[in-house]
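# Residue-level structure breakdown
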Amino acid sequence: MSKKPSPRTPAAPTPVAADGAEPAALPGRLTGAAALTALEGLALAGLGLYMLFVGIAGHPDSPQQAETGGITLLGLAALPLIAARGLRLGRRWSRGPALITQLMAMPVAWTLWNTGGAMRIAAVALALAAVAVVVLLVNPTATRALGIGPGDQAR
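About the criteria used
Residues numbered from 1 in each chain as written. Predicted model: local features only at pLDDT ≥ 70, side-chain atom pairs only at ≥ 80, totals over all residues. Heavy atoms only, no water. Helix = DSSP H or I, 4+ residues; strand = E, 2+ residues; numbered from the N terminus. Buried < 20%, exposed > 50% of the residue type's maximum accessible area, 1.4 Å probe, protein only. Contact = heavy atoms within 4.5 Å. Areas by Shrake-Rupley, 256 points an atom, 1.4 Å probe, with all protein chains shown as cover. Patch = residues over 30% accessible without salt bridge, like charges linked within 9 Å, V, L, I, M, F, W, Y side chains within 5 Å. Salt bridge = Lys/Arg side-chain N within 4 Å of Asp/Glu carboxyl O. Core = buried A, V, L, I, M, F, W, Y, C linked by side-chain atoms within 4.5 Å. Phe/Tyr/Trp six-rings, centres within 6.5 Å; stacked < 30°, edge-to-face > 60°. Lys NZ or Arg CZ within 6 Å of the ring centre and 35° of its normal. Expected span 1.5 Å × (residues − 1). Axes fitted to C-alpha atoms, helices over the stretch in contact; angles between N-to-C directions. Parallel < 35°, antiparallel > 145°, perpendicular 65-115°, else oblique. Left-handed = near helix turned anticlockwise from the far one by under 90°. Nonpolar A, V, L, I, M, F, W, Y, C, P; charged D, E, K, R; others polar. pLDDT = per-residue confidence, 0-100.

### Looking at the overall build of the protein
When you go through the protein residue by residue, the secondary structure sums to 5 helices and 0 strands. Counting from the amino terminus, the protein carries its helices and strands in the arrangement α-α-α-α-α. Counting over 155 residues, the protein shows a buried share of 29%. Contacts in the protein between residues far apart in sequence, at least 24 positions, make up 61% of those at least 6 positions apart. With the model as given, the accessible surface of the protein reaches about 10300 Å², and the carbon-plus-sulfur share is 68%.

Below is the structure:
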């Protein structure tokens, strides 16, 4: 009697950590913090591209200032985007840049609030996102997942 191969496809191997142990799933709090941080980075990058485009193709009061501002915003967008990727991968180092991004967002939100008008909506959204990310990142579940705490080794 011959055995026929099973028509099922083999399951994909699960990723294994460097020490051979199965990696732990990231908690939802860490995933949420990564998503909000990435959203902030994408908003900065979008605003930077807009300013750069207006500086090059539009008719701003000062093309040089618009282009410089756009390039600056694109550079600043790198910090939250890199931090978000690190958080999503569960890297310990990413918590610092993510928290710094939120601390920088607070005065920006205050300035937007004082501008008035429709900017107040942006101010509230930015402030709520910044506070939410800080709360998510200082949560004990997130800090344990990142390996932050007494006696934890660096990742």
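We are not done yet, so read on.
### Remarks on a nonpolar patch on the surface
A contiguous nonpolar patch, built from Leu76, Leu79, Ile100 and Met104 and spanning about 320 Å² of accessible area, is present on the exposed surface. Of all the secondary-structure elements, those providing two or more residues to the nonpolar patch are α2 (63-88) and α3 (95-115). Secondary-structure assignment places Met104 in helix α3.

### A closer look at the nonpolar core
Counting 13 residues, the largest nonpolar core has Leu30, Ala33, Leu87, Ala98, Val133, Leu137 and Leu146 as its most contacted members. Every residue in contact with Ala33, bar those within four places of it in the chain, is listed here: Leu87, Val133, Leu136 and Leu137.

### Concerning the packing of aromatic side chains
Think of a pair of aromatic rings as described by two things: how far the centres are apart, and how the planes are tilted against each other in angle. Summed over the entire model, instances satisfying the criterion amount to 0 aromatic pairs. Taking the ring centre of Trp113 as reference, the NZ or CZ of Arg120 above it sits at 4.3 Å.

### Re α3
Relative to the 30 Å expected for 21 residues at 1.5 Å per residue, α3 spans 31 Å between its end C-alpha atoms, a close match to the ideal helical length. Listed in full, the buried residues belonging to α3 are Arg95, Pro97, Ala98, Leu99, Thr101, Gln102, Ala105 and Ala109. Elements in contact with the buried residues of α3: α1 (28-57), α2, α4 (119-138) and α5 (140-145). Looking one or two places after α3, you find Gly116, whose phi comes out positive at around 85 degrees.

### Here we look at the packing of α1 against α2
At a minimum axis separation of 7 Å, α1 and α2 run at an interaxial angle of 165 degrees. Here α2 runs roughly antiparallel to α1, going by the angle between their axes. Seen along the crossing, α1 lies across α2 with a hand that is left-handed. Of the residues in the contact of α1 with α2, the class split is 24 nonpolar, 7 polar and 2 charged.

### Let's talk about the confidence of the model for the protein
Should pLDDT be low for a region, the predicted coordinates there are not to be read in detail. Residues of the protein with pLDDT of at least 70 account for 81%, and the chain-wide mean is 85. Per-element confidence in the protein is highest for α4, whose mean pLDDT is 96, and lowest for α5, whose mean pLDDT is 90. Contacts of residues 9-22 to residues separated by more than four positions or lying in other chains number 6 contacts, the stretch itself having pLDDT below 50.

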